[in-house]
Amino acid sequence: QSLIINNQISGNTVSYAGAGIHYSGNNYAGNPTISQNIISGNSSTNRGGAIFGTYNSSATISNNLIRGNQSVLGGGIYLQETATTTISNNTIYGNVTTYSSGFGSIVIINGSPIIYNNIIAFNSQGIYSSSANPTLSHNCFFGNTRGNYDGLAAGIGDINVDPEFVDRANGNLRLKTGSPCVDTGDNSAVQPEA
């Protein structure tokens, strides 16, 4: 198992997929734990500005800040034909998808990931699903320009409210005291830090 933990991954550009992190079930990196990273300012000319996973891979993507990445499809995370993937307790903010018809900050093609306890806010779009069966719960979606959900419905406990960052304009994405996102996650699903 590959561990990608406590890194700052920024300023990368690729011509295909996964400018920040690219993993695949076809190689030894197919089942990574991606945790406690800052993944920002990366750019892909095709898909997965921050993270791209494919080919029956299984990953745990948790407790990351995924901010300000850009791609034609899936400005933040793009999953294609993946197996058991968990996306939890991340802040996914300000990612840009340039394709005019959308394709969100999280894109899921042919997979069944579990997505919970995330803040997905102020991206060009929230989440897009095609030929997939994701399970969503207790996420906060807000301010995504082209909508929060495309191809799927809100999950149990999902909320649509301003998360109230301390100082969004200057990049402080901690939550204010009294933020509506505080204590609204599923505590039973919180993973320990790696």
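1. Some thoughts on the nonpolar core
Part 1 of the reasoning: Grouped together as the largest cluster of nonpolar side chains are 21 residues, with contacts concentrated most on Y23, I39, I51, I61, I77 and I106.
Part 2 of the reasoning: Breaking this core down by element, the ones donating at least two residues are β4 (21-24), β9 (59-62), β12 (77-80) and β16 (106-109).
Part 3 of the reasoning: Discounting chain neighbours no more than four positions away, the residues touching I77 are I51, I61, I66, I87, I92, S105, I106 and V107.
Part 4 of the reasoning: I119, A121, F165 and L173 belong to the second largest nonpolar core, which has 9 residues in total.

2. Observations concerning the packing of aromatic side chains
Part 1 of the reasoning: Taken as a whole and judged by the stated rule, the model has 6 aromatic pairs.
Part 2 of the reasoning: Geometrically, the ring pair formed by Y93 and F122 is edge-to-face, given 6.1 Å between the ring centres and 70 degrees between the ring planes. Pair noted here: Y93 is in strand β14 (residues 91-93) and F122 is in the loop between β18 (119-121) and β19 (127-130), with a separation of 29 residues, a long-range link.
Part 3 of the reasoning: Judged by relative accessible area, which is 13%, Y93 ranks as buried.
Part 4 of the reasoning: On the basis of relative accessibility, which here comes to 19%, the residue F122 falls in the buried class.
Part 5 of the reasoning: An aromatic cluster is defined as three or more aromatic residues linked by ring pairs; in this entry it consists of Y93, F122, F142 and F165.
Part 6 of the reasoning: One residue, R168, lies across the ring of F122, its end atom 3.7 Å from the ring centre.

Cut-offs used in this document
- Residues numbered from 1 in each chain as written.
- Predicted model: local features only at pLDDT ≥ 70, side-chain atom pairs only at ≥ 80, totals over all residues.
- Heavy atoms only, no water.
- Core = buried A, V, L, I, M, F, W, Y, C linked by side-chain atoms within 4.5 Å.
- Buried < 20%, exposed > 50% of the residue type's maximum accessible area, 1.4 Å probe, protein only.
- Helix = DSSP H or I, 4+ residues; strand = E, 2+ residues; numbered from the N terminus.
- Contact = heavy atoms within 4.5 Å.
- Phe/Tyr/Trp six-rings, centres within 6.5 Å; stacked < 30°, edge-to-face > 60°.
- Lys NZ or Arg CZ within 6 Å of the ring centre and 35° of its normal.

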